[in-house]
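Examining the three-dimensional arrangement
So you can see what is in the structure, the chains are spelled out below.
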Amino acid sequence: MMMKKFYLILTCVALCACGGGNKQQAVQSDGSVTIENSNVITCDFDQVGEERTILLSEWVNDFQIVRFEDNDTAIFKMWWPLITDNYIGIRQRNRGAFKLFDRQGNFLCDVGGVGGGPGEYESIYSEAIDEKNGWVYLVPVGWSDHLLKYDLQGKYQGEVEVGEYLNKPKIQMLADGNLALAHMYFHDNKSTMMAATISPQGEVTKCPDVPKHLHITFRNPQFMGFNHEVWHYGCTDEMKFAYTVSDTLYAYDHKANRLKADFVMKNYRKSDDIYCIYFPLPDKYVTYVRSKGHILTDLKTQQSHFIKLKNDFVGGLKANTNFSKGYIFMMYEPMQLMEQIEKRLEESDCTDADKKVLKELYDSLDEDDNNIMFIGKLKNENHTMHNNKTKIIDNEKQKEINSPTNERPKLSASSSTNNTHKTVPDTIKIYEESEVKRAFLPLSNSQLIEFLTKNFKYPSIPPINGKGKVDLVIERDGRVSDVISVQSIHPEIDKEFVRILILLPKFTPGSINGISVRSKYRVPTTSVCK
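This structure is a prediction, so every number in the text was calculated from the model and none was measured.

Along its length, the protein carries 4 helices and 40 strands. Counting the 530 residues in the protein, one finds 54% classified as buried.

Next up, the structure:
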């Protein structure tokens, strides 16, 4: 039997690792995350790691500040937004009409209106926009067996009959033009399905799968079923949703018309008043556990830890974990944002560059204006950090900053061109290796060899010899946040390099004038099989 040897060369250090098996090895988890044979991902609350700070720029490609038009018809009190490529829809509190804006914050129209007549509603629970065909769909909170359909001018176009009463329904526009629907199944109130697919022509295909433990009783002495909620945020290709009554997140495969368990957080329910909300994202899960905090479950590393998000686009403000249809967002009334800025300016880690950005934003605010929204387009799992475009938008003017490759918006101050003056580096931009004092990995050659030899698993492909290159993105705190293939050896070998290199311990970060910055770190790789 031929023995297979695999050699890794990393920054001119020759490393040896053996991979004699033919089966792809699993990612080494920190013990908190497991994936069962049925592909259900489980995170153990008792094993979750300590809190880390995540920079918003690590999660988003495209960041916008939107100032909504300020007039009597455009003012709103938001319950939840719907964000698409060209529109922002606002579901309001207190029985307000659904409002439609463009992505610059200009008010377009009210969609339908509040009341009991045709095309009117009392309260909306979910919404979707079909940009291709020009439709807006709204779904009442309950006691309705249909969706309401409007055009993009807000005019009522009729109903889409579903065939049974919908209980707190959620809808999602799918890439193939269909709508996916999920709602609460009340077995004592003539429910026949939990999920369904609705075609552009209005044809309804009901999903027959109803997990037995989700048979909710509409009325019982202890808890009325309608007091439960359906959590759904529409940030993945498949519709994923959960009930407050269950610890399991479900995915609806509309092509196969099947429901499947997708994600579970276990051991978190330490008392009756603790619950969790799942935010499934393209390559990760964020779980909010009441009174405990937010947990990130990373599918690349199969590790989990508590997190707090920091908005490094806007001076290091706290970023909320609110998600809608592939975007992360923060909505503020002007006074709320002014108070947050004031608080941030007093914090000890607020740099001069942060203060400049925050003061400029603060001075532009008026407490009597309409709401202000921060919007970030979430990266997908195949994202490479190229061709970034960041917009700062208000309803009167629009600025577009077309950032060069691997740059973020210039939110910090620059000095005079006189070389005797030091510059304040951009703490958001990802610098080239040649632009900074190079990041440093505090491991000896023997320690590095041990780490790579222990963790590298040769994929189940024929032996391949070749050379490649990858760029590590080193964050200001020394973490490896991304691994970008520059020169490929083979997709499966590249994938294994990404997996292992993102697990490296913290670097001493790159710096400019003694200030830590985000930077690249080029790594040559070599595959030699015998």
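On to the packing of helix 1 (residues 334-345) against helix 2 (residues 352-363). Axis separation between helix 1 and helix 2 bottoms out at 10 Å; the angle between their running directions is 155°. Our classification of the angle between helix 1 and helix 2 gives roughly antiparallel. The chirality of how helix 1 crosses helix 2 is left-handed. Of helix 2, the residues touching helix 1 (which contributes Leu-337, Met-338, Ile-341, Glu-342, Arg-344 and Leu-345) are Asp-354, Lys-355, Leu-358, Lys-359, Leu-361 and Tyr-362.

For the rest of this paragraph, the subject is the sheet that holds strand 20 (residues 204-206). Here we have 4 strands laid out as an open sheet, ordered 17-18-19-20, and antiparallel in their pairing. Two strands in the sheet have a free side with no partner beyond their single neighbour: strand 17 (170-173) and strand 20. Recorded for the sheet is a direction-independent mean angle of 20° between the axes of neighbouring strands. Bridge count for strand 17 against strand 18 (residues 179-182) is 4 bridges, and the pairing is antiparallel. Residue pairing in the sheet places Gln-172 in a bridge with Ala-180 of strand 18.

The next thing to look at is the pattern of salt bridges. Pairs may arise between side chains of opposite charge once their charged atoms sit close together. A complete count under the given rule lists 26 salt bridges for this structure. Its salt-bridge partner being Asp-110, residue Lys-99 comes within 2.8 Å of it at the nearest N-O pair. You can see Lys-99 sitting in strand 9 (residues 98-102) and its partner Asp-110 sitting in strand 10 (residues 107-111), a full 11 residues away along the chain. Measuring nitrogen to oxygen at the nearest pair gives 2.6 Å for the salt bridge that ties Asp-349 to Arg-344. Relative accessible area serves as the criterion here: at 40%, Asp-349 is assigned to the partly exposed category.

Tallied over the full model, the rule gives 20 aromatic pairs. Their ring planes at 5° and their centres at 4.5 Å tell us that Phe-63 and Phe-313 sit as a pair that is stacked. You can see Phe-63 sitting in strand 6 (residues 60-67) and its partner Phe-313 sitting in the loop between strand 28 (303-311) and strand 29 (317-319), a full 250 residues away along the chain. Seen from their ring centres, Phe-263 and Tyr-278 are 5.3 Å apart, and the 85° between their planes marks the pair as edge-to-face. Within this pair, whereas Phe-263 is found in strand 24 (residues 258-266), its partner Tyr-278 is found in strand 25 (residues 276-281), the two being separated by 15 residues in sequence. Neither residue differs from the other here; Phe-263 and Tyr-278 are each classed as buried. By the ring-pair criterion, three or more aromatic residues cluster together here, those being Trp-59, Trp-80, Tyr-233, Phe-279, Phe-323 and Phe-329. Taking NZ or CZ as reference, Lys-170 lies 4.2 Å from the ring centre of Tyr-125, over its face. Note that Lys-284 overlies the ring of Trp-59, its terminal NZ or CZ placed 5.1 Å from the centroid.

Turning our eyes to something else, we now look at a negative patch on the surface. A surface patch of like charges, here negative, comprises Asp-70, Asp-72, Asp-366, Glu-367, Asp-368 and Asp-369. When you line up the elements, Asp-366 lands in the loop between helix 2 and strand 32 (372-378). Residue classification places Asp-366 among the partly exposed residues on the basis of a relative accessible area of 37%.

Further remarks concern the pairing of strand 27 (residues 293-298). Sheet topology places strand 26 (residues 284-289) next to strand 27; 6 bridges connect them, and they run antiparallel. Residue pairing in the sheet places Val-289 in a bridge with Gly-293 of strand 27. Linking strand 26 back to strand 27 in an antiparallel pair, the connection comprises 3 residues, with Ser-291 at a positive phi of about 70°. Hairpin connection between strand 27 and strand 28: a loop of 4 residues separates the two successive antiparallel strands, and Gln-302 in this loop has a positive phi of roughly 55°.

Calculation notes
Residues numbered from 1 in each chain as written. Predicted model: local features only at pLDDT ≥ 70, side-chain atom pairs only at ≥ 80, totals over all residues. Heavy atoms only, no water. Helix = DSSP H or I, 4+ residues; strand = E, 2+ residues; numbered from the N terminus. Buried < 20%, exposed > 50% of the residue type's maximum accessible area, 1.4 Å probe, protein only. Axes fitted to C-alpha atoms, helices over the stretch in contact; angles between N-to-C directions. Parallel < 35°, antiparallel > 145°, perpendicular 65-115°, else oblique. Left-handed = near helix turned anticlockwise from the far one by under 90°. Contact = heavy atoms within 4.5 Å. Pairing = 2+ DSSP bridges. Salt bridge = Lys/Arg side-chain N within 4 Å of Asp/Glu carboxyl O. Phe/Tyr/Trp six-rings, centres within 6.5 Å; stacked < 30°, edge-to-face > 60°. Lys NZ or Arg CZ within 6 Å of the ring centre and 35° of its normal. Patch = residues over 30% accessible without salt bridge, like charges linked within 9 Å, V, L, I, M, F, W, Y side chains within 5 Å. Areas by Shrake-Rupley, 256 points an atom, 1.4 Å probe, with all protein chains shown as cover. Lys, Arg positive; Asp, Glu negative; His and termini not counted. Charge placed at Lys NZ, Arg CZ, Asp CG, Glu CD.

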